[in-house]
Amino acid sequence: TQGLGLDLATLPPERARELGLPNATGAVVTKVTEGGEADEAGVEMNDVILRVNDAPIPNAEGFKKMIDALAKGQVVRLFIRRGEGSMFIAFRKR
């Protein structure tokens, strides 16, 4: 989403299986804008975002709607799969 400085694509089922998450839904980061909120928080290209503030992400469009619904200044907590590991990344929405 433009406000966070990243572009996303819906997590394809085959990619979810490769990650050992056969029933997972989410979004794959396809671009991170240098200096944007996501970049400054540590989001990287090819990260798979599975949850926002503990809510599962259905797809890339669902992620955008969830972020748009958050108020400016609210904490955004992403649950991300990166390679073999998982992590949380948190930041305040500008």
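Check the entry above for the structure.
The rules behind the values
Residues numbered from 1 in each chain as written. Predicted model: local features only at pLDDT ≥ 70, side-chain atom pairs only at ≥ 80, totals over all residues. Heavy atoms only, no water. Buried < 20%, exposed > 50% of the residue type's maximum accessible area, 1.4 Å probe, protein only. Helix = DSSP H or I, 4+ residues; strand = E, 2+ residues; numbered from the N terminus. Arc of directions from axis to C-beta. Contact = heavy atoms within 4.5 Å. Polar contact = N/O pair within 3.5 Å; in protein donor to acceptor, adjacent residues only side chain to side chain. Core = buried A, V, L, I, M, F, W, Y, C linked by side-chain atoms within 4.5 Å.

Draft legend 1. Highlighting helix H3 (residues 60–68). Three or more residues of H3 are buried, namely Ala60, Gly62, Phe63 and Ile67. Angularly, the buried residues of H3 cover 160° about the axis, an arc narrow enough to put them on a single face. Among the structural elements, strand E1 (6–10), strand E2 (27–32), strand E3 (48–52) and strand E5 (75–82) are those in contact with the buried residues of H3. The N-cap of H3, judged by a side-chain oxygen 3.2 Å from the amide nitrogen of Glu61 a few residues on, is Asn59.

Draft legend 2. Focus on the nonpolar core. With 19 residues, the main nonpolar core has Leu6, Leu8, Val43, Ile49, Phe63 and Leu78 as its most contacted residues. Leaving out residues up to four positions away in the same chain, Leu78 has contacts with Val43, Ile49, Arg51, Val52, Phe63, Met87, Phe88, Ile89 and Phe91. Leu11, Ala16, Leu19 and Val48 belong to the second largest nonpolar core, which has seven residues in total.

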